[in-house]
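# Descriptive structure summary
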Amino acid sequence: VQPALAATPGIEFQSSPATFSEHLDFNVGPGTKPLLGEQWFRQAVAYALDRDGATAAVAQATDSPDHGVLQSLTHFSQHPDYKEDFDRYSYDPERVSRIMRRHDCTLGGDGIWSCNGTRASIRFATTTNNLVRGTIQSHLQAGAQTAGIELVTDNSSPPILFGQRLPARDFDAVLFTFITGGDGFGLDPLFACDGPSNFMGYCSEPVTRLLQEANEESSEGKRRSLVHRVGAILAEDVASIPILQRPTFLYSRARLRGIEDNP
């Protein structure tokens with residue numbers, strides 16, 4: 001329907017990155033798998049994820065515009081304070097190999113890395129029957145397999161995933177949507193220690209302190225600096241990885257003036 005409507009004479013089409021960001025969270029709290037508790041391993045996984053390919057695959061599967069990979073957990077891409085904190089993590093199986101060998105991991109006969117007897121295998125959860133998330137999941141799985149990281153499908157229906165599994169941290173990695181202002185405000189529920197929406201179990205005292213300071217700061221410049229420091233730490237710790245902003249769709253008659261897509 002979307003391509004046909006966009007091609008209709010007299011109709012104009014606009015699309016922007018929306019304020020809905022698909023992201024991948026790791027379970028890094030107490031009781032998580034030993035490898036997931038290691039920052040270096042999560043960084044290796046980040047290099048094993050072909051996020052560019054995943055966004056292109058989503059665009060093709062849904063006949064949607066590809067606005068590219070989201071590279072920040074604190075701001076949306078169209079915000080003037082947006083910084084590409086995660087752009088270092090381009091798909092790089094060779095980089096994965098170097099990181100794993102540096103930590104005495106060995107590549108098994110099945111093509112999956114093993115570290116001190118623990119296979120680099122991660123239960124990867126998302127919602128069932130969701131075209132966008134299913135496309136992202138399958139594409140990330142294929143790329144990670146090539147890099148020696150196994151992402152095992154572990155999906156549930158939305159009521160089970162969001163109502164039971166997320167609160168209980170019953171996942172290794174989980175893909176779902178953040179809906180935020182995208183301007184760096186109010187991020188403590190997501191990333192502060194014991195934040196009510198921090199399902200990862202992630203706890204960084206510097207991040208918690210900086211977010212609290214940012215919430216109380218009246219100077220726009222100082223607040224921007226505080227949130228940018230948060231973004232840099234989040235990219236280093238890799239408890240969560242941004243994937244993409246879902247696109248908006250705005251159709252209007254060409255004779256109308258002043259119509260602007262502004263999510």
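In the block above lies the structure referred to throughout.
Residues numbered from 1 in each chain as written. Predicted model: local features only at pLDDT ≥ 70, side-chain atom pairs only at ≥ 80, totals over all residues. Heavy atoms only, no water.

## Observations regarding the pattern of salt bridges
For the record, the criterion: For this document, the term salt bridge refers to a Lys or Arg side-chain nitrogen within 4 Å of an Asp or Glu carboxyl oxygen. For the purposes of this entry, the term helix denotes a DSSP run of H or I that reaches at least four residues, the term strand denotes a run of E that reaches at least two, and both are numbered from the N terminus. In this scheme, a residue with accessible area under 20% of its type's maximum is buried, one over 50% is exposed, and one in between is partly exposed, where area comes from a 1.4 Å probe on protein chains only.
A full pass over the atoms with the stated rule returns 14 salt bridges. For Glu213, the salt bridge identified is with Arg209, shortest N-O distance 3.4 Å. Residue Glu213 and its partner Arg209 are located together in helix H8 (residues 205-216), separated by four residues, close to a single helical turn. A relative accessible area of 32% means that Glu213 is categorised as partly exposed. When its relative accessible area of 42% is taken as the criterion, Arg209 is described as partly exposed. Several salt bridges share partner residues, and in doing so they unite Lys33, Arg123, Asp154, Arg165, Asp170 and Asp172 into one network.

## A short note on the nonpolar core
Test applied: In plain words, nonpolar cores are sets of buried Ala, Val, Leu, Ile, Met, Phe, Trp, Tyr and Cys residues tied together by side-chain atoms within 4.5 Å. Should any heavy atoms of two residues lie within 4.5 Å, those residues are considered in contact.
Counting 63 residues, the largest nonpolar core has Phe26, Phe41, Val96, Met100, Ile136, Ile149 and Phe191 as the members making the most contacts within it. At six residues, the largest contribution of residues to this core is made by helix H2 (residues 39-47). Residues within four places of Val96 in sequence aside, it is in contact with Ala44, Tyr47, Ala48, Trp113, Ala147 and Ile149.

## Observations regarding unusual backbone geometry
The phi torsion at Asn116 lies on the positive side, around 55°, for a residue other than glycine. As for its placement among the helices and strands, Asn116 is situated in the loop between strand E4 (113-115) and strand E5 (118-119). Here Asn116 falls in the exposed class, since its relative accessible area comes to 74%. A positive phi angle, close to 65°, is found at Asp194, a residue other than glycine. Within the element layout of this structure, Asp194 appears in the loop between helix H7 (188-191) and H8.

## Describing the state of the cysteines
Heads up, the rule is: We call a pair of cysteine sulfur atoms a disulfide when they lie within 2.5 Å.
Counted by the stated rule, this structure contains two disulfides. The side chain of Cys105 participates in a disulfide bridge whose partner is Cys115; the two sulfur atoms lie 2.0 Å from each other. Measuring the twist about the S-S bond at about 105°, one finds the Cys105-Cys115 disulfide to be right-handed. Of the two residues, Cys105 is situated in strand E3 (residues 105-107) and Cys115 in strand E4; the sequence distance between them amounts to ten residues. A single burial state applies to Cys105 and to Cys115, both of which are buried. In this model, Cys193 is linked to Cys203 through a disulfide, with the two sulfur atoms separated by 2.0 Å. Taking the torsion about the S-S bond as the criterion, the Cys193 to Cys203 disulfide, at about 95°, is right-handed.

## A few points about the environment of Asn130
Positionally, Asn130 belongs in the loop between strand E6 (121-125) and helix H5 (131-146). Considered as a pair, Asn130 and Val174 are 44 residues apart in the sequence and their alpha carbons are 14 Å apart.

Geometric descriptors of this kind do not, in isolation, establish any biological role.
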